[in-house]
Amino acid sequence: MVRKLAGSVRIASQLRGQRGVQFLQRERLEAKRDARVRDTVQHAAAHVPHYRDLFRRERIDAREIRSAGDLARLPLLSKEELHATPGRFLSDAMGAAPTLELSTTGTTGVPVSVVHDYRSLLANIAYGERERAAESSLAGGGRYSILEITREGSTSRRIRAFYDARTLRPGRLPYSTISVGEPIQRIIEAIERQRPDVVWSYAAFLETFFRLLVTREPPRYLPKVVSYGSGGMSAEGRSLIKNHFGLAVLSNYSAVEALKLAFLCEESAGFHIHEDLCDVRLLDPSGMAVAPGTSGEVVISNLVNRGTVLLNYRLGDMATAATESCACGRTSAVLAQVDGRIDEIVTLPSGELVLTVQVWDAIAGHPFISRWQLVQRTSRSFELRVVASDRTALEAAREELLAALRSRLPGAELDIVQVDDIPLRDGKFRPILPLETPVVKWPRFPA
Ligand SMILES: [Zn+2]
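All values reported here derive from a predicted model rather than from experimental measurement.

Turning our attention to the coordination of the zinc ion. Those protein atoms acting as donors to the zinc ion are C265 (SG), H272 (NE2), C326 (SG) and C328 (SG), and they sit at 2.1 to 2.3 Å. Here the zinc ion binds four donor atoms, and the angle range of 102 to 116 degrees at the metal identifies the geometry as tetrahedral. Every donor residue of the zinc ion comes from the same chain, spaced as C-x6-H-x53-C-x1-C. Assessed through its relative accessible area of 0%, C265 is described here as buried. For H272, a relative accessible area of 0% corresponds to the buried category.

Following the criterion strictly, the structure yields 28 salt bridges and no others. Here E275 ties to R26 by a salt bridge, and the two come within 2.7 Å at their closest N and O atoms. With E275 in the loop between β9 (271-273) and β10 (278-283) and R26 in helix α3 (residues 26-47), the pair connects residues that are 249 residues apart, well separated along the chain. R119 is paired through a salt bridge with D117; the nearest N and O atoms lie 3.9 Å apart. The exposure class of R119 is partly exposed, given its relative accessible area of 36%. What emerges from the salt-bridge pattern is a single network uniting R26, E30, R33, D34 and E275.

The next subject is the pairing of strand β6 (residues 225-229). With five of five residues buried, β6 lies mostly within the body of the structure. Residue alternation in β6 divides its side chains into two sets, V225, S227 and G229 and V226 and Y228, and both sets are buried. The pairing of strand β5 (residues 198-202) with β6 spans five bridges and is classified as parallel. Paired with V198 across the bridge in β6 is V225. The β-α-β motif built from β5, the intervening helix α9 (residues 203-214) and the parallel element β6 has right-handed crossover chirality. Handedness of the β6-helix α10 (residues 235-244)-strand β7 (residues 248-255) crossover: right-handed.

Moving on, we get to the packing of aromatic side chains. By convention here, two paired aromatic rings are described through the distance between centres and the angle between planes. Counted by the stated rule, this structure contains eight aromatic pairs. Between F162 and Y163 the ring centres are 6.3 Å apart and the planes differ by 75 degrees, which places this aromatic pair in the edge-to-face class. An aromatic cluster of at least three residues, connected via ring pairs, comprises F205, F209, F210 and F245. Lying across the ring of Y175, R160 places its NZ or CZ 3.5 Å from the centre. Directly above the aromatic system of F162 lies the positively charged group of R166, at a separation of 4.1 Å from the ring centroid.

With that settled, consider the domain arrangement of the protein. Interfaces are often sized by the amount of accessible area the parts lose when they come together. Domain parsing of the protein yields domain 1 (1-278 + 303-310) and domain 2 (345-433). Summarising the inter-unit geometry, the C-alpha centres of domain 1 and domain 2 are found 27 Å apart. Taken residue by residue, the interface counts 20 residues in domain 1 and 14 residues in domain 2. Contact between domain 1 and domain 2 buries roughly 1,400 Å² in total, counting both sides, with carbon and sulfur atoms accounting for 68%. Applying the counting rule to domain 1 against domain 2 returns one salt bridge. Residue E80 pairs with R371 through a salt bridge whose shortest N-O separation is 3.9 Å. Along the contact surface separating domain 1 from domain 2 lie zero residue pairs in polar contact (both at pLDDT 80 or more).

Further remarks concern the pairing of strand β13 (residues 334-339). Bridge analysis of β9 against β13 gives two bridges, and the strand direction is antiparallel. Of the residues in β13, the one forming a bridge with F271 is L335. As paired elements, strand β12 (residues 313-321) and β13 share four bridges and run antiparallel to each other. Bridge pairing links A319 to V338 in β13.

The set of residues buried in helix α4 (residues 49-57) consists of P49, H50, Y51, L54 and F55. Against the buried residues of α4 lie α3 and α5 (79-84). Looking one or two residues past α4, R59 carries a phi angle of roughly 55 degrees, positive in sign.

It is worth spelling out α3 at this point. Compared with the 32 Å implied by 1.5 Å per residue over 22 residues, the 31 Å span of α3 between its first and last C-alpha is a close match. For α3, the full list of buried residues reads L29, R33, D34, V37, T40, V41, H43 and A44.

Rules and cut-offs
- Throughout, residues of each chain are indexed from 1 in the direction in which the sequence is written.
- Per-residue local features are limited, in this predicted model, to residues with pLDDT of at least 70; the limit for side-chain atom pairs, both in listing and counting, is 80 or more; totals at the level of whole chains, interfaces and linings are taken over all residues.
- The side-chain figures draw on all heavy atoms in the structure; neither hydrogens nor water molecules are used.
- Each metal's donors comprise the N, O and S atoms found within 2.8 Å of it (within 3.2 Å for Na, K or Ca). Water is not part of the atom list, so some coordination spheres may appear incomplete.
- Labels for metal geometry use angle windows, namely 85 to 135 degrees for all angles of a four-donor tetrahedral site, and for square planar (four donors) or octahedral (six donors) sites opposite donors over 155 degrees apart plus all others within 65 to 115; sites meeting none of these are irregular.
- In this scheme, a residue with accessible area under 20% of its type's maximum is buried, one over 50% is exposed, and one in between is partly exposed, where area comes from a 1.4 Å probe on protein chains only.
- What makes a salt bridge here is a side-chain nitrogen of Lys or Arg within 4 Å of a carboxyl oxygen of Asp or Glu, nothing more.
- The way it works is that DSSP assigns letters per residue, a run of H or I at least four long becomes a helix, a run of E at least two long becomes a strand, and they are numbered from the N terminus.
- In this description, strands pair whenever DSSP reports at least two bridges between them.
- Here is how to tell: hold the view so the strands point away, follow the path from the first strand over the helix to the second, and if it runs clockwise the crossover is right-handed.
- Pairs were defined over the aromatic rings of Phe, Tyr and Trp, the Trp ring being its six-membered one, requiring ring centres within 6.5 Å. Orientation was assigned from the angle between planes: stacked under 30 degrees, edge-to-face over 60, tilted for the rest.
- In this analysis the charged atom, NZ for Lys or CZ for Arg, is taken to sit over a ring once it is within 6 Å of the ring centre and within 35 degrees of the ring normal.
- The source of the domain bounds is an automatic or database domain assignment.
- Note on contacts: a residue pair is in contact if any heavy atoms of the two residues lie within 4.5 Å.
- Buried area: the accessible surface (1.4 Å probe) lost by two parts on joining, summed over both.
- Any pair of nitrogen or oxygen atoms within 3.5 Å is treated as a polar contact; in protein, a donor-acceptor pairing is required on top of that, and neighbouring residues in sequence qualify only through side-chain atoms on both sides.
- The span expected for a helix works out to 1.5 Å for each residue beyond the first.

And the structure:
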């Protein structure tokens, strides 16, 4: 209880002012950002083996990295490198405070694990005020309720569980969850029963969910705001939710490697970057910065986490910087478009939906799987392609993997095929390749 109280006092002290950060004058926002860049780089030089060695070897003086622009002087870091030697990116200054280790699902390539330290996790609650400001204004102001449609063990559920165990969560909003694996009818009933102001889920799920709703009797209740994360939603999907159903659409862009990257504001025109929490650079294949309006690879430096410290890290997403500022008045830099992880849905002949994250749940826990892809060959037959670092381990786990996949893809014929590489398609890694002609045809809507 004392520990919970201490955690809550810490959060409460940081809550004040968060809503205003994104409206600060540019110079003040940049000063805040650059102070965090200096702190992070000096921490890395003193406490993180990879950077301690790098700076010594390359004769880089950490004190010379003084602004976000100077981060470009550091080499790029790949997921493969983090995957291979995660311990080299861990700060030795975490002490005994509890930490939280989160793993990616490998939807942008190699799966990685990232440790978040206690102080930055608690601060993240306060930073959430910035996104809650947009939600609150669209949900009618003041307190509002949220229903989250996620999977058991999702990153957001694990973070919430961490908070619930360690803080009293000042200002905590009424919040409930339902599993994304539930039948659609059960999810509709939960929304009708709980009447949440905001529904949050994965982009791919929400888009399919609302396409399905069009074909059904209208629900007795719909939320005011639909908020999505984990990948992009098509313009057609957003338009369907906004124009056909008349609901507001928000989104948060986050990653296991940086809990807060950017968010869509009330104007829905673009994603405001949390510049003082995470530096975002957009690069072309040669490593040069791309101009606004041109798509580039997202390279991040997490400026708050003192667990796994990542500078100039290739996140695996593509994004485009906006050419104009946003009408909402926030001064932070804006991404016009985030071509995030491609999170596709497989439709089974029974009409059941299977998401990338659900496939990942079947595969997770096998560290020898360094890449994977689920290919739908016919309406009911699938092939899981696996790049394995240990072939013997894959053979030993084959039956267990098949059983886990069968429980997510009921009635499907399944095969596991070991491959040397999984090629990109149109420059992107696609964890799920559904049939070109989907099993269920959705009605079309103008974008
Ligand atoms: Zn805005």
